Amino acid sequence: MTVRLTESHVVAVVRRLTVARLHTFVEAGCIAPAEVAGERVFGEAELARLELLCELADDFGLDTEALALVMSLIDQLHGIRHEMRSLAHAIGEQPDEVRARIRAAYLRGRAG
């Protein structure tokens, strides 16, 4: 079951969040809620992002521009991790000889 919360529910759940702050995060592109029947709705991933955004803003003093940059970098990191898992899976399906050649090439690349 997919959790979909309205703005008012999200503000009630995320302790350090206000409606104004939520709108700022959305406008900055830090968070991208879905829209259902003309209303913004937020899922579990958005809740986690909002918690992190509030923590970064409050505890580290990051402004909106810095938050957008940090979230973009986090998104890129997650994308790269997904790509690496897919690549590792594809390599794992190859014959032993091919995997050995890939490993040797990888180790040569790390040494250089």
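Residues numbered from 1 in each chain as written. Predicted model: local features only at pLDDT ≥ 70, side-chain atom pairs only at ≥ 80, totals over all residues. Heavy atoms only, no water.

1. Things to note about the side chain of E46
Locating E46 in the fold gives a position in helix α3 (residues 44-60). Buried within the structure, E46 lacks any salt-bridge partner; R4 is the closest side chain of opposite charge, at an N-O distance of 4.0 Å. Among the polar contacts listed, one links the side chain of E46 to the backbone nitrogen of G43, at a separation of 2.6 Å. Leaving out residues up to four positions away in the same chain, E46 has contacts with R4, I31 and A32. (Helix = DSSP H or I, 4+ residues; strand = E, 2+ residues; numbered from the N terminus. Buried < 20%, exposed > 50% of the residue type's maximum accessible area, 1.4 Å probe, protein only. Lys, Arg positive; Asp, Glu negative; His and termini not counted. Salt bridge = Lys/Arg side-chain N within 4 Å of Asp/Glu carboxyl O. Polar contact = N/O pair within 3.5 Å; in protein donor to acceptor, adjacent residues only side chain to side chain. Contact = heavy atoms within 4.5 Å.)

2. Digging into α3
Count 3.6 residues to each turn of an α-helix, and residues three or four apart come out pointing the same way. Helix length check: α3 (17 residues) gives 24 Å between terminal C-alpha atoms against 24 Å at 1.5 Å per residue, within 8%. For α3, the secondary structure elements touched by its buried residues are β1 (5-6), α1 (7-13), α2 (19-27), β3 (39-42) and α4 (64-92). Once α3 finishes, G61 follows within two positions and takes phi at roughly 70°, a positive value. (Expected span 1.5 Å × (residues − 1).)

3. So, the packing of α2 against α3
Running from N to C, α2 and α3 cross one another at 100°; their axes reach a closest spacing of 12 Å. For the element pair α2 / α3, the angle class is roughly perpendicular. Along its contact with α2, which presents R21, L22 and F25, the element α3 presents L50, L53, C54, A57 and D58. Its residues placed into classes, the contact of α2 with α3 shows 6 nonpolar, no polar and 2 charged. (Axes fitted to C-alpha atoms, helices over the stretch in contact; angles between N-to-C directions. Parallel < 35°, antiparallel > 145°, perpendicular 65-115°, else oblique. Nonpolar A, V, L, I, M, F, W, Y, C, P; charged D, E, K, R; others polar.)

4. Overview of the pairing of β3
Pairing of β1 with β3, which is carried by 2 bridges, proceeds in the antiparallel orientation. The partner of L5 across the bridge, within β3, is F42. Pairing between strand β2 (residues 34-36) and β3: 3 bridges, direction antiparallel. Residue pairing for β3: A34 is matched across the bridge by V41. Where β2 folds back onto β3 in an antiparallel hairpin, the turn is made up of 2 residues, including A37, whose phi is positive at roughly 50°. (Pairing = 2+ DSSP bridges.)

5. Details of the packing of α3 against α4
Across the interface, α3 lies against α4 with an axial gap of 11 Å and an inter-helix angle of 135°. Considering the angle they form, α3 stands oblique to α4. Along this stretch, α3 crosses α4, giving a crossing that reads as right-handed. For the pair formed by α3 and α4, the contact residues are R49, L52, L53, L56 and A57 on the first element and L67, V70, M71, I74 and D75 on the second. Taken together, the residues of the contact of α3 with α4 sort by class into 8 nonpolar, no polar and 2 charged. (Left-handed = near helix turned anticlockwise from the far one by under 90°.)

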